[in-house]
Each structure stands twice: as structure tokens, then as C-alpha cells.
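Descriptive structure summary
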Amino acid sequence: MAYKAQLVVRARGKEGASIIEKVKELANEHDTTYSEMAVELLGRGLNASDDVGSTFSADDAAKDDAKPAKKESSTTSSSRPKKSASDNPRAPLPPEEAGPPVDPNLPPAKIVKAYIERREERGERAAARILVDFFAEAGPAEGGQVKNLLRREYSDADFEDIMEPVKETEEYRTYTRRALFEEPSPYSELS
């Protein structure tokens with residue numbers, strides 16, 4: 001038997017609305033639903049004093065309920081083999097091969113302009129290095145602006161193709177964590 005529960009999240013303040021938007025953006029980036037991402041993040045928050053790797057996802061629990069009982073360790077998001085950015089043939093080039101570095105602190109419009117120019121001159125992988133270096137330094141506002149500008153320049157499918165190898169990098173994963181948890185949650189203090 002599968003267990004189901006529902007959580008409705010509403011925000012009365014600007015900060016709460018901002019957090020909800022960040023969760024929605026993260027869910028979109030990870031091709032999951034808002035609810036699944038919220039449950040995963042709540043699980044991480046509740047287990048913050050424990051090993052975060054012991055947190056399980058709602059999908060894993062539902063799959064376990066649907067299968068006959070079998071003794072095996074539960075699969076966690078941190079114990080799954082992670083794809084290395086270098087495993088992707090479209091992975092961003094290393095800095096020394098991608099061309100002259102672009103200052104990641106430039107305004108978002110200039111980052112996108114540099115990306116477009118580098119893509120035309122040296123190809124997609126060289127241009128992706130600009131985005132990786134940018135996301136290594138960017139805050140949530142700047143990151144969102146660059147993504148919106150890229151969406152204006154390219155179709156939705158092209159945007160997803162551009163971001164797919166970038167999202168596999170450690171720099172982008174760090175950006176995502178920084179964007180979500182930039183300000184400590186009042187709940188992170190509970191013990």
C-alpha cells in the first residue's frame with residue numbers, strides 16, 4: 001500500500017514567497033515536481049543534524065511500498081552514482097582550452113553576449129565554460145537574469161540543451177545550493 005500525504009505551502013511575507021520561488025526553480029532545474037523537491041528539501045532540513053545522505057526521497061519510499069519487502073539498503077540521492085561532467089561529450093571545456101576567460105562578475109547581459117560570441121567563434125563547449133565560471137560566482141538574482149536572457153535568445157529546447165552540460169558541473173551544483181540556502185532558514189536553528 002502506498003502512503004500519500006499533502007502539504008500546502010503558503011507565504012505571507014516577501015521572504016517566504018522568495019523561498020517558494022527558489023524551490024520551484026530548483027525543481028524545474030532538476031526535472032522534478034515542486035512537491036517532490038519540497039519534500040526532499042524538508043527531509044534534508046529535518047535531518048540536518050544527521051548525515052544528509054541518509055535522507056530519502058518520496059519517490060523511493062513510494063517504490064519501496066509498491067514492491068514486495070526485500071532486504072536491501074534504501075537508495076538515497078547521495079548514494080546514487082553521480083554523473084561526472086567529463087562523462088558528457090558536450091561537457092564544458094577546461095578553462096585552458098576554452099579561450100580567454102570572461103570576468104564572471106560582468107553584468108548578466110554582458111555574460112550572455114560573451115556566451116553568444118564565444119559559441120559562434122569556438123563552439124558550444126567553449127561557450128559553456130563562460131556559464132560555468134559565471135555560476136561559480138553568481139548569486140540567485142544574477143543567475144536568474146542570465147537564464148532569462150538565454151531563454152530570450154534561444155528556444156526552450158535550445159536553452160535546455162545549453163544548460164544540460166552546465167548543470168552537471170560542480171560549480172552549478174554549488175550555485176544551486178547557494179541560491180537556495182543563501183540566507184539561513186529560521187527552521188535551520190531548530191534542534
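The model shown is predicted, which means the values in this text are computed figures rather than measured ones.

**A word on helix 9 (residues 170-181)**
One turn of an α-helix holds 3.6 residues; hence residues three or four places apart share an orientation. Taking 1.5 Å per residue, 12 residues should reach 16 Å; helix 9 reaches 16 Å between its end C-alpha atoms and fits that length. Along helix 9, the residues that are buried comprise Y172, Y175, T176, A179 and L180. One side of helix 9 holds all its buried residues, which, seen down the axis, span an arc of 125 degrees. Tucked into the core, helix 9 has its buried residues touching helix 1 (14-29), helix 2 (34-46), helix 6 (124-137), helix 7 (140-153) and helix 8 (156-167).

**Description of the nonpolar core**
Among the nonpolar cores identified, the biggest contains 24 residues, and Y115, L131, F135, L150, M163 and V166 are the most heavily contacted of them. The set of elements that each furnish at least two residues to this core consists of helix 5 (108-122), helix 6, helix 7, helix 8 and helix 9. With 7 residues, helix 6 is the single largest residue contributor to this core. Residues contacting L131, with those up to four places away along its chain left out, are I111, Y115, V146, L150, I162, M163 and V166. By size, the runner-up hydrophobic cluster in this structure holds 7 residues, among which are V23, L26, A38 and L41.

**Section: the packing of aromatic side chains**
Per the stated rule, a full pass over the model turns up 5 aromatic pairs. Measuring from centroid to centroid gives 6.3 Å for Y115 and Y154, while their planes differ by 85 degrees, and the two rings are edge-to-face. Remark: Y154 occurs in the loop between helix 7 and helix 8 and Y115 occurs in helix 5; sequence separation between them is 39 residues. Like Y115, the residue Y154 is buried in the burial classification. Clustering of aromatic rings is evident, with ring pairs tying together F134, F135, Y172 and Y175.

**Section: the side chain of T176**
Considering the arrangement of structural elements, one finds T176 in helix 9. Once residues lying within four places of it in the same chain are set aside, the contact partners of T176 are L26, E29 and H30.

**Quick notes on the pattern of salt bridges**
Once the charged atoms of two side chains with opposite charge are near each other, the side chains can pair. Tallying each qualifying case throughout the model produces 7 salt bridges. A salt bridge links E25 to K147; the shortest N-O distance between them is 2.9 Å. Of this pair, E25 sits in helix 1 while K147 sits in helix 7; the two residues are 122 residues apart in sequence, bridging distant segments of the chain. The residue E117 makes a salt bridge to K113 at a minimum N-O spacing of 3.9 Å. Of the two residues, E117 and K113 are both situated in helix 5; the distance of 4 residues between them amounts to about one turn of the helix. Among the residues examined, E117 registers a relative accessible area of 38% and is labelled partly exposed. Judged by relative accessible area, which is 51%, K113 ranks as exposed.

**Thoughts on a negative patch on the surface**
A surface patch of negative charge is lined by D31, D156, D158, E160 and D161. Positionally, D31 belongs in the loop between helix 1 and helix 2.

**Some points on helix 7**
Taking 1.5 Å of rise per residue, the 14 residues of helix 7 would be expected to cover 20 Å, and the 20 Å separating its terminal C-alpha atoms lies within 8% of that figure. Buried residues of helix 7: P140, G143, G144, V146, K147 and L150, and no others. An end-on view of helix 7 places all buried positions within 160 degrees of arc, on one side of the element.

The rules behind these values
Residues numbered from 1 in each chain as written. Predicted model: local features only at pLDDT ≥ 70, side-chain atom pairs only at ≥ 80, totals over all residues. Heavy atoms only, no water. Helix = DSSP H or I, 4+ residues; strand = E, 2+ residues; numbered from the N terminus. Expected span 1.5 Å × (residues − 1). Buried < 20%, exposed > 50% of the residue type's maximum accessible area, 1.4 Å probe, protein only. Arc of directions from axis to C-beta. Contact = heavy atoms within 4.5 Å. Core = buried A, V, L, I, M, F, W, Y, C linked by side-chain atoms within 4.5 Å. Phe/Tyr/Trp six-rings, centres within 6.5 Å; stacked < 30°, edge-to-face > 60°. Salt bridge = Lys/Arg side-chain N within 4 Å of Asp/Glu carboxyl O. Patch = residues over 30% accessible without salt bridge, like charges linked within 9 Å, V, L, I, M, F, W, Y side chains within 5 Å. Areas by Shrake-Rupley, 256 points an atom, 1.4 Å probe, with all protein chains shown as cover. Lys, Arg positive; Asp, Glu negative; His and termini not counted. Charge placed at Lys NZ, Arg CZ, Asp CG, Glu CD.

Such coordinate-based values are descriptive only and should not be taken to indicate function.
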